[in-house]
Amino acid sequence: MEMILNSTRNNDNKVSPSLAILQGISQEGGLFVPSYFPKIDLDFLKELSELSYIERAKKVLSLYLTDFSDDQLQKCISKAYSPEKFDNGEITQLSHLFEGRYMLELWHGPTCAFKDMALQLLPHLLKTSAKINGCEDEIIILTATSGDTGKAALDGFSDVEGTKIIVFYPAFGVSDMQKRQMITQEGKNVSVCAIDGNFDDAQSAVKTIFTNEELKAELAKNNMRFSSANSINFGRLVPQVVYYISSYCDLVKNGDINTGDEVNICVPTGNFGNILAAYYAKQMGLPVGKFICASNKNNVLTDFINTGVYNKNRDFYATSSPSMDILISSNLERLLYHLYDGDDKAVSELYKSLNETGVFKVSDTVLAKLQNEFYGEFCDDGKVKDVIGDLFEKYSYLCDTHTAVAVGVCNEYKDKTNDARPVIIASTANPYKFTKNVLSAVTDKELPNDEYDQLDMLNKISGVEIPKSLGELKNKEIRFKKQIDKADITDFVKKSLLG
Ligand SMILES: *Cc1c(COP(=O)(O)O)cnc(C)c1O
């Protein structure tokens, strides 16, 4: 059956899967959602259990990307998940932690964060989408990042023919490791620039460029067009659906569950993209009980799930899990659309209210549906530290600060509910990406100042291998030193693209 997508704010705005990927976001500001969920059954899951990750990805993606040919899809997937990009042949890794808790490690890709799972594939999906739609323009990716997305997008798009990528990061607001990952990025088509200011400044500057009609026209004359690598792009969502289905199949294959048994899924959440992909898997037929939505001290989603009121008017905290420091969870809009049974008017009203007042409230019916599926809780930095220390001491398992938020919330859920179903916990970053905080959770000793000495110290204490891509950063040439005022960002883009 041919897949059609439509905007969350206008059901009449219909696009093909490839066009949804190419456009990124709809004209009226809504997000593209599938008009139906393709169904999978227990036989499908049994069949998948015997296959490799790449084969599983192809089966699942083909249900959504119906205007891609088999051959096109195969090529995209094998380029994305090649053995030289991922440090283990399995692509993801599922390991039993304790008492029915399973860690789904999603950070074995080149930049050590789960964003690689989608961003290694997105450039190829985008290029193919352009081809399907007869678009010969060069695709220009503009990204503002607080750290992980920027690097993952740079690595994914590096030297992909027919694309260019420009990443802006706040000069003060990314970790040393994240900064170094970006400014040493290789590739002929990449560019990285620091902005005076914080992440919001970088983000709003980029948004201004996306809506600069004059600049867009000038680009069009030169056969170029902007596109987005943000998690609002449907092309980032579908690759994430794959690993939830795949991890379920791993549990079946390992004999931990029988096909058809229910599992719960716990996700450390920021922009709601990762946990939404799990929800999509359930809508397709994956046997999932509860979704456990774990937030850090920026707990806007916890409050929303518990009260039905979304209120972004609150203090913003810089936490030890920076990739979840977010007050507007973009992908929540997609969940609301589905919970409102595709009522585009209702969703438009909610987001109008959010725009005007910073607050919206869902109906009682929708709140009941939400709470039936989702459990929301948060974990502050003190508890994150305890969780990391505890897991390491008791189970010799080292996890990063974001994953620790999920484990902390999962433990609390288990204690409160006695829900005995196994839990798949999304592990979203390699612990070495946040070495300083992880290190201070596993030792009382004084930490060295130098980031690389910290890597070595964590390695000595834990015995866990330092990922090659982080260890070798020290000796890499710094390519991008430029720092500009946020007012000059449009000029920077013009010069980079048009000379
Ligand atoms: C982006 C990110 C998250 C949050 O994922 P969302 O899809 O935005 O909810 C969690 N952990 C890490 C390490 C990340 O980079």
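What counts as what
Residues numbered from 1 in each chain as written. Predicted model: local features only at pLDDT ≥ 70, side-chain atom pairs only at ≥ 80, totals over all residues. Heavy atoms only, no water. Near = heavy atom within 4 Å. Polar contact = N/O pair within 3.5 Å; in protein donor to acceptor, adjacent residues only side chain to side chain. Nonpolar A, V, L, I, M, F, W, Y, C, P; charged D, E, K, R; others polar. Pairing = 2+ DSSP bridges. Helix = DSSP H or I, 4+ residues; strand = E, 2+ residues; numbered from the N terminus. Axes fitted to C-alpha atoms, helices over the stretch in contact; angles between N-to-C directions. Expected span 1.5 Å × (residues − 1). Buried < 20%, exposed > 50% of the residue type's maximum accessible area, 1.4 Å probe, protein only. 1 Å grid on protein atoms, 1.4 Å probe; cavity = no way out; pocket = protein on both sides within 12 Å on 5 of 7 lines; lining within 4 Å. Points joined across faces, edges and corners; volume = space filled by probe spheres on them.

1. What about the site of the ligand?
Okay, step 1: Around the ligand lies a shell of 15 residues, among which Lys115, Asp148, Gly270, Asn271 and Thr428 are the nearest.
Okay, step 2: At a separation of 2.7 Å, an oxygen atom of the ligand approaches a polar side-chain atom of aspartate 148.
Okay, step 3: Considered class by class, the residues forming the shell around the ligand number 5 nonpolar, 8 polar and 2 charged.

2. Focus: the sheet that holds strand β1 (residues 5-7)
Okay, step 1: Strand order across the open sheet formed by 3 strands is β2-β1-β3, with antiparallel pairing between neighbours. The strands lining the two open edges of the sheet, one partner per strand, are β2 (10-15) and β3 (32-34). Across this sheet, the average inter-strand angle for adjacent strands is 40°, counted without regard to direction.

3. What to know about helix α11 (residues 234-253)
Okay, step 1: For α11, which comprises 20 residues, the first-to-last C-alpha distance of 30 Å matches the rise-based estimate of 28 Å (1.5 Å per residue) to within 8%.
Okay, step 2: For α11, the buried fraction is high: 19 of the 20 residues fall into the buried class.
Okay, step 3: Between the side-chain oxygen of the N-cap and the backbone nitrogen of glycine 235 there are 2.8 Å, and the N-cap of α11 in question is asparagine 233.
Okay, step 4: Two residues or fewer after α11 comes glycine 255, characterised by a positive phi angle close to 80°.

4. A few points about the layout of surface pockets
Okay, step 1: Here the second largest pocket defines a volume of roughly 830 Å³.
Okay, step 2: Taken together, 35 residues make up the lining of the second largest pocket; nearest its centre are Gly109, Pro110, Cys112, Lys468 and Ser469.
Okay, step 3: Among the secondary structure elements, those contributing two or more residues to the lining of the second largest pocket are α7 (148-157) and α21 (468-471).
Okay, step 4: Here the residues of the lining of the second largest pocket are counted per class, giving 13 nonpolar, 10 polar and 12 charged.

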